[in-house]
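One-letter residues, chain by chain:
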Amino acid sequence: MGSLKKIFIRSADILTWIEEAVLCLLLFAMILLACVQIFLRTFYASGILWIDPLLRYMVIWAGLFGAAVATKHAKHISIDIISHIVPDMYLPWLRFLLNFFSAAVCFILTYAAVKFVRDEALYGGRSLLDIPSWQLNIIYPVAFCIIAGRFLLLALKDLSQAILQKSPAPRTELSK
């Protein structure tokens, strides 16, 4: 059982490394392409036509990969009012419900994104650089599936904490 846990942990670490590497490469490429475009517009009064649409797609990709990484570290955007009212002993149950609900919503978004990409593949056309539009939109189901999985893992962690009734992490000044 211990070796299986090590395999899962190692696989999760590899996937995290891949996500962060893709995110870094995207950011680097975005900065490089934007600088090239600015240079060409400033000094040659022209630019490369496909850079601007490509940068728009890259911003979407970087944002969704960034959301997946933020969810892994539980640094995602959240509106949290109830946790300030609920006693500390019920916080794991509250976090479980919130993370489970978030996972369910992301799984629904994954399903919708899969349908969208499938329809794009069947009926869509070509986008910039003659790339099929569905290939540029494949990030939606991938990212929502990753985010849903991360929320589900967070929910299971909170559920185990609630069931085992481990003492919750003390509230810090920022979380009060």
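Calculation rules
- Residues numbered from 1 in each chain as written.
- Predicted model: local features only at pLDDT ≥ 70, side-chain atom pairs only at ≥ 80, totals over all residues.
- Heavy atoms only, no water.
- Axes fitted to C-alpha atoms, helices over the stretch in contact; angles between N-to-C directions.
- Helix = DSSP H or I, 4+ residues; strand = E, 2+ residues; numbered from the N terminus.
- Parallel < 35°, antiparallel > 145°, perpendicular 65-115°, else oblique.
- Left-handed = near helix turned anticlockwise from the far one by under 90°.
- Phe/Tyr/Trp six-rings, centres within 6.5 Å; stacked < 30°, edge-to-face > 60°.
- Buried < 20%, exposed > 50% of the residue type's maximum accessible area, 1.4 Å probe, protein only.
- Disulfide = S-S within 2.5 Å.
- Contact = heavy atoms within 4.5 Å.
- Nonpolar A, V, L, I, M, F, W, Y, C, P; charged D, E, K, R; others polar.

**Comments concerning the packing of helix α1 (residues 2–44) against helix α2 (residues 51–72)**
Then, number 1: Remark: α1 packs on α2, axes separated minimally by 9 Å, with the N-to-C direction vectors making an angle of 150°. On the basis of their axis angle, the class for α1 and α2 is roughly antiparallel. When the axes of α1 and α2 are compared, the crossing they make is left-handed.

**What to know about the packing of aromatic side chains**
Then, number 1: Under the definition given, this model contains five aromatic pairs.
Then, number 2: Centre to centre, the rings of Trp61 and Phe65 are 6.4 Å apart; their planes meet at 45°, and the pair counts as tilted. In this pair, Trp61 and Phe65 both sit in helix α2, four residues apart, roughly one turn of the helix.
Then, number 3: We classify Trp61 as partly exposed; its relative accessible area is 22%.
Then, number 4: Using a relative accessible area of 11% as the deciding quantity, one classes Phe65 as buried.
Then, number 5: Among the aromatic residues, ring-to-ring pairing joins Phe39, Phe43 and Tyr44 into one connected group.

**Re the state of the cysteines**
Then, number 1: The tally for this structure, following the rule as stated, stands at zero disulfides.
Then, number 2: Counting only cysteine sulfurs, Cys145 is the nearest neighbor of Cys106, a cysteine outside any disulfide, at a range of 9.9 Å.
Then, number 3: A relative accessible area of 9% places Cys106 in the buried class.

**A word on unusual backbone geometry**
Then, number 1: Even without glycine at this site, Leu129 takes up a positive phi of about 55°.
Then, number 2: For Leu129, the position within the fold is in the loop between α3 (91–123) and α4 (133–136).
Then, number 3: We note that Asp130 has phi near 60°; this positive angle belongs to a residue other than glycine.

**What about the side chain of Thr71?**
Then, number 1: Inspection of the secondary structure puts Thr71 in helix α2.
Then, number 2: For Thr71, a relative accessible area of 2% translates into the label buried.
Then, number 3: The residues touching Thr71, leaving out its near neighbours within four places in the chain, are His76, Ile147, Arg150, Phe151 and Leu154.

**Quick word on the side chain of Thr110**
Then, number 1: Note on placement: Thr110 falls in helix α3.
Then, number 2: For Thr110, the contacting residues outside a window of four places in its chain are Pro141, Phe144 and Cys145.

**As for the packing of α2 against helix α5 (residues 139–164)**
Then, number 1: Closest axis-to-axis distance for the α2/α5 pair is 9 Å, and the angle between their directions is 10°. Taken together, the axes of α2 and α5 are roughly parallel relative to one another. Taken together, the residues of α5 that come into contact with α2 (itself represented by Ile60, Trp61, Leu64, Phe65, Ala67, Ala68, Val69, Thr71 and Lys72) are Ile139, Tyr140, Ala143, Ile146, Ile147, Arg150, Phe151 and Leu154.
Then, number 2: Residues of the contact of α2 with α5, tallied by class, amount to 14 nonpolar, one polar and two charged.

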